[in-house]
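Letter by letter, the chains look like this.
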Amino acid sequence: MKDKIDVFIKIQKAAGTSLINYIASNGQGDIEMLDHAYCYKLKNKNTGWMWSKENFPTFDKYVFNNIYALVRNPFDILVSYYFHLSPNFTRSVSAWDFLGNDGWNHCNIIHGFKTWREFLDAYIDPNFEWHLPPMKKSMFSFIYDEDNNLIIDRYFKVENINELKTFFYQRGWKEPCVLPKTNSTTLRPLGKLDFFYKPEDVKQLEKIWEKDLNYFNYSFY
């Protein structure tokens, strides 16, 4: 019987594409990475894909030995979520609020968002039906089960990438873990987080993300 292997679950806008490439190039068969998948089947109401209501891929969490995740401050992720650009679209850019900024998983096109403010207000609004409902609870929704329980055994932070490098070094991987910027948000305007959020926004998001902020030790400030 084949031994169970370890797995990373990809979190959007948290260096996941770079990590996939690193594992694919240096993997030794003891670990793999799942690209945006849930351990349960989403309800049909989901509109996560751009042109259909197909569900995201699913996986059986029990076939893996350990489940890991690379995470990032959710306040940062949400900004990159809005400013994410798809390589399948072309556009001319004159400002950072513009039609054609498709957002992660095409959320801006699905919902018709034209500004960051529209995007943020809709996300915070508990009555707004988000294109991918689990994301309304957590920017890390891929590592939760249907009952809102975390399924990971360990996590690493983008902000402390040396811990991830040590992890692979201790596993005996020959090539050092280097995560170049891949699929990054190139049109995000420069500025600190308070450029994007009002104090009342922060308070509301702290309530929505209370579990994540406490567990992963993140804060706006």
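Coordinates for the structure precede this section.
Definitions and cut-offs
- Residues numbered from 1 in each chain as written.
- Predicted model: local features only at pLDDT ≥ 70, side-chain atom pairs only at ≥ 80, totals over all residues.
- Heavy atoms only, no water.
- Salt bridge = Lys/Arg side-chain N within 4 Å of Asp/Glu carboxyl O.
- Helix = DSSP H or I, 4+ residues; strand = E, 2+ residues; numbered from the N terminus.
- Buried < 20%, exposed > 50% of the residue type's maximum accessible area, 1.4 Å probe, protein only.
- Pairing = 2+ DSSP bridges.
- Axes fitted to C-alpha atoms, helices over the stretch in contact; angles between N-to-C directions.
- Contact = heavy atoms within 4.5 Å.
- Phe/Tyr/Trp six-rings, centres within 6.5 Å; stacked < 30°, edge-to-face > 60°.
- Lys NZ or Arg CZ within 6 Å of the ring centre and 35° of its normal.
- Core = buried A, V, L, I, M, F, W, Y, C linked by side-chain atoms within 4.5 Å.

Chemist: I'm lost on the pattern of salt bridges in this one. Help?
Modeler: Here the idea is simple: oppositely charged side chains can pair when their charged atoms come close. Counted by the stated rule, this structure contains 8 salt bridges. In this structure, Arg72 engages Asp76 in a salt bridge whose closest nitrogen and oxygen atoms are separated by 3.8 Å. A salt bridge links Arg117 to Asp121; the shortest N-O distance between them is 2.7 Å. Of the two residues, Arg117 and Asp121 are both situated in helix α4 (residues 116-124); the distance of 4 residues between them amounts to about one turn of the helix. Given a relative accessible area of 40%, Asp121 falls into the partly exposed group. Each of Asp6, Asp30 and Arg171 takes part in a single network of salt bridges with overlapping partners.

Chemist: It is not clear to me how the sheet that holds strand β1 (residues 5-9) should be interpreted in this structure. Could you clarify?
Modeler: Strand pairing in a sheet takes place through backbone hydrogen bonds and is either antiparallel or parallel in direction. Strand order across the open sheet formed by 4 strands is β2-β1-β3-β4, with parallel pairing between neighbours. Looking at strand neighbours, the two that pair on one side only are β2 (31-34) and β4 (154-157), the edges of this open sheet. When strand polarity is set aside, the average angle formed by the axes of neighbouring strands in this sheet is 25°. Pairing of strand β3 (residues 64-71) with β4, which is carried by 4 bridges, proceeds in the parallel orientation. Within β4, the position partnered with Tyr68 by the bridge is Arg154. Strand contacts of helix α5 (residues 161-170): β1, β2, β3 and β4, with the helix running at about 130° to β4, the strand carrying the most contacts.

Chemist: Explain the packing of aromatic side chains to me, please; I cannot follow it from the model alone.
Modeler: The way to describe two aromatic rings as a pair is by their centre distance and the angle between their planes. Counted according to the given criterion, the structure contains 43 aromatic pairs. Geometrically, the ring pair formed by Trp104 and Phe142 is edge-to-face, given 6.3 Å between the ring centres and 80° between the ring planes. Within this pair, whereas Trp104 is found in the loop between α2 (74-83) and α3 (107-111), its partner Phe142 is found in the loop between α4 and β4, the two being separated by 38 residues in sequence. Each of the two residues, Trp104 as well as Phe142, counts as buried. The ring of Tyr218 has Lys157 sitting right over it, with the charged end atom 4.2 Å from the ring centre.

Chemist: Explain the environment of Val7 to me, please; I cannot follow it from the model alone.
Modeler: In this structure, Val7 sits in strand β1. On the basis of relative accessibility, which here comes to 0%, the residue Val7 falls in the buried class. When near neighbours in sequence (up to four residues on either side) are disregarded, Val7 contacts Ile31, Glu32, Met33, Leu34, Phe64, Asn66, Ile67 and Tyr68.

Chemist: It is not clear to me how the nonpolar core should be interpreted in this structure. Could you clarify?
Modeler: The nonpolar side chains of soluble globular proteins are, as a tendency, buried together. By size, the foremost hydrophobic cluster in this structure holds 53 residues, and its most contacted members are Leu78 and Tyr197. Listed by contribution, the elements that provide at least two residues to this core are β1, β3, α2, α4 and α6 (199-208). Counting residues per element, this core draws most heavily on α2, which supplies 7 residues. Ignoring anything within four residues of it in the chain, the contact list for Tyr197 reads Phe75, Leu78, Val79, Trp116, Leu120, Val202, Leu205 and Phe220. In this structure, Phe8, Tyr22, Leu70 and Leu164 belong to the second largest nonpolar core, which totals 13 residues.

Chemist: What exactly am I supposed to notice about the environment of His36 here?
Modeler: With respect to the element layout, His36 can be found in the loop between β2 and β3. Look at His36 and you get buried, because its relative accessible area is 12%. Put simply, His36 and Thr58 are 22 residues apart on the chain and 9.0 Å apart in space, counted from C-alpha to C-alpha. The contacts of His36, once residues within four sequence positions are left out, are Lys10, Ile11, Gln12, Phe56, Pro57, Trp104 and Phe142.

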